[in-house]
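# Commentary on secondary and tertiary structure
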Amino acid sequence: VLRATMSVVSGSTVLHIIDQARSPTWKPNDLDIYAPLDGAGRVASYLIDVEHYSWKGLQESSYESDHSGFKAVIHLSKGDQQIDVIQSVTTSALYPLPFFWSTHVMNYFTADMFCVVYPTYTLQGRGLLNPVVLVSKRYPSIRTLQVIGKYQTRGYDFRIYPYA
């Protein structure tokens, strides 16, 4: 389904797979599939019809997330497994990735390959905070502070500048 819809898997699941130094200490909460504008419905239909996931809801983009490159998130589950299908605002499934809050989760894989966007930092357990999520380009928002804390407990360290 990834190849047929030109979708990618990104977020904490990909980080968990590629960063073997820290992955034994934590588990991702869900699987995030990023789909092009016209492919999210097809991905969700496949997961519901073929893989027997259940529809748990739709979160449409709000004003705050309008700067995140996605239009909607389809929440699915099967038992204790959670999948979010994130619909891009463009025909590229990759469009939302540069809007992520930190570089260490900007990695992705397709049906045929994977990409570690900042390999040196990521594999050293470091992330650069994205200026898009900083208040006045200097301070993390409350939501960003929450996810920073979550990833610090997983062994990651964060910087605002690459040379800091």
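Going by the structure above, here's the rest.
Please read these numbers as outputs of a predicted model, since none were measured by experiment.

Further remarks concern the packing of aromatic side chains. Ring pairs (aromatic) are described by centroid distance and by the angle formed between their planes. Counted according to the given criterion, the structure contains 6 aromatic pairs. A ring pair is formed by Tyr34 and Phe100, whose centres lie 5.5 Å apart and whose planes are at 50 degrees; its orientation type is tilted. Separated by 66 residues along the polypeptide, Tyr34 in strand 2 (residues 31–35) and Phe100 in the loop between strand 5 (81–88) and strand 6 (108–109) bring together distant segments of the chain. Note on accessibility: Tyr34 and Phe100 belong to one class, buried. The rings of Trp26, Trp101, Tyr151, Tyr156 and Phe158 are connected pair by pair, giving a single aromatic cluster. For Arg22, the ring lying beneath its charged end belongs to Tyr156, and the centroid distance is 5.3 Å.

A word on the nonpolar core. Note that soluble globular proteins tend to have their nonpolar side chains buried in a common cluster. One finds Tyr34, Trp101, Tyr151 and Phe158 to be the most contacted residues of the largest nonpolar core, which totals 22 residues. Elements with a contribution of two residues or more to this core: strand 4 (70–78) and helix 5 (142–153). When residues in this core are grouped by element, the largest group, 3 residues, is from helix 5. Apart from residues lying up to four places away in sequence, Tyr34 is in contact with Ser7, Val8, Ser10, Ile86, Ala93, Pro96, Leu97 and Phe100. With 16 residues, the next largest nonpolar core counts Val14, Ala40, Leu47 and Val85 among its residues.

Let us now look at helix 5. Across its 12 residues, helix 5 extends 17 Å between first and last C-alpha, which sits within 8% of the 16 Å expected from 1.5 Å per residue. Of all the positions in helix 5, only Thr144, Val147, Ile148 and Tyr151 are classed as buried. Viewed end-on, helix 5 has its buried residues packed into an arc of 110 degrees, placing them on one side of the element. Along helix 5, exposed side chains directed more than 90 degrees from the buried face belong to Ile142 and Thr153. Where helix 5 is buried, its residues touch helix 2 (12–18), strand 10 (139–140) and strand 11 (157–159). Of the residues one or two after helix 5, Gly155 is the one with positive phi, at around 100 degrees.

Moving on, we get to a nonpolar patch on the surface. On the surface, a cluster of nonpolar side chains totalling about 220 Å² of accessible area is made up of Val1, Tyr46 and Val50. Residue classification places Val1 among the partly exposed residues on the basis of a relative accessible area of 37%.

Taken in spatial order, the 7 strands make up an open sheet running 3-4-5-2-1-6-7, and their pairing is mixed. The open sheet has two edge strands, strand 3 (54–60) and strand 7 (114–115), and neither has a second partner.

Turning next to the side chain of Ser10. Within the element layout of this structure, Ser10 appears in strand 1 (residues 8–10). There is a polar contact of 2.5 Å between the side chain of Ser10 and the backbone oxygen of Asn107. Ignoring any residue separated from it by four or fewer positions in sequence, one finds Ser10 in contact with Asp32, Tyr34, Leu97, Phe100, Val105, Met106, Asn107 and Tyr108.

Of the pairings in the sheet, the one linking strand 3 to strand 4 comprises 6 bridges and is antiparallel in character. Residue Glu60 lies in a different strand from strand 4, and its bridge partner there is Ala72. As paired elements, strand 4 and strand 5 share 8 bridges and run antiparallel to each other. Paired with Lys78 across the bridge in strand 5 is Gln81. Hairpin remark: strand 4 followed by strand 5, antiparallel, with 2 residues in the connecting loop; positive phi at Gly79, about 65 degrees.

Calculation criteria
- Residues numbered from 1 in each chain as written.
- Predicted model: local features only at pLDDT ≥ 70, side-chain atom pairs only at ≥ 80, totals over all residues.
- Heavy atoms only, no water.
- Phe/Tyr/Trp six-rings, centres within 6.5 Å; stacked < 30°, edge-to-face > 60°.
- Helix = DSSP H or I, 4+ residues; strand = E, 2+ residues; numbered from the N terminus.
- Buried < 20%, exposed > 50% of the residue type's maximum accessible area, 1.4 Å probe, protein only.
- Lys NZ or Arg CZ within 6 Å of the ring centre and 35° of its normal.
- Core = buried A, V, L, I, M, F, W, Y, C linked by side-chain atoms within 4.5 Å.
- Contact = heavy atoms within 4.5 Å.
- Expected span 1.5 Å × (residues − 1).
- Arc of directions from axis to C-beta.
- Patch = residues over 30% accessible without salt bridge, like charges linked within 9 Å, V, L, I, M, F, W, Y side chains within 5 Å.
- Areas by Shrake-Rupley, 256 points an atom, 1.4 Å probe, with all protein chains shown as cover.
- Salt bridge = Lys/Arg side-chain N within 4 Å of Asp/Glu carboxyl O.
- Pairing = 2+ DSSP bridges.
- Polar contact = N/O pair within 3.5 Å; in protein donor to acceptor, adjacent residues only side chain to side chain.

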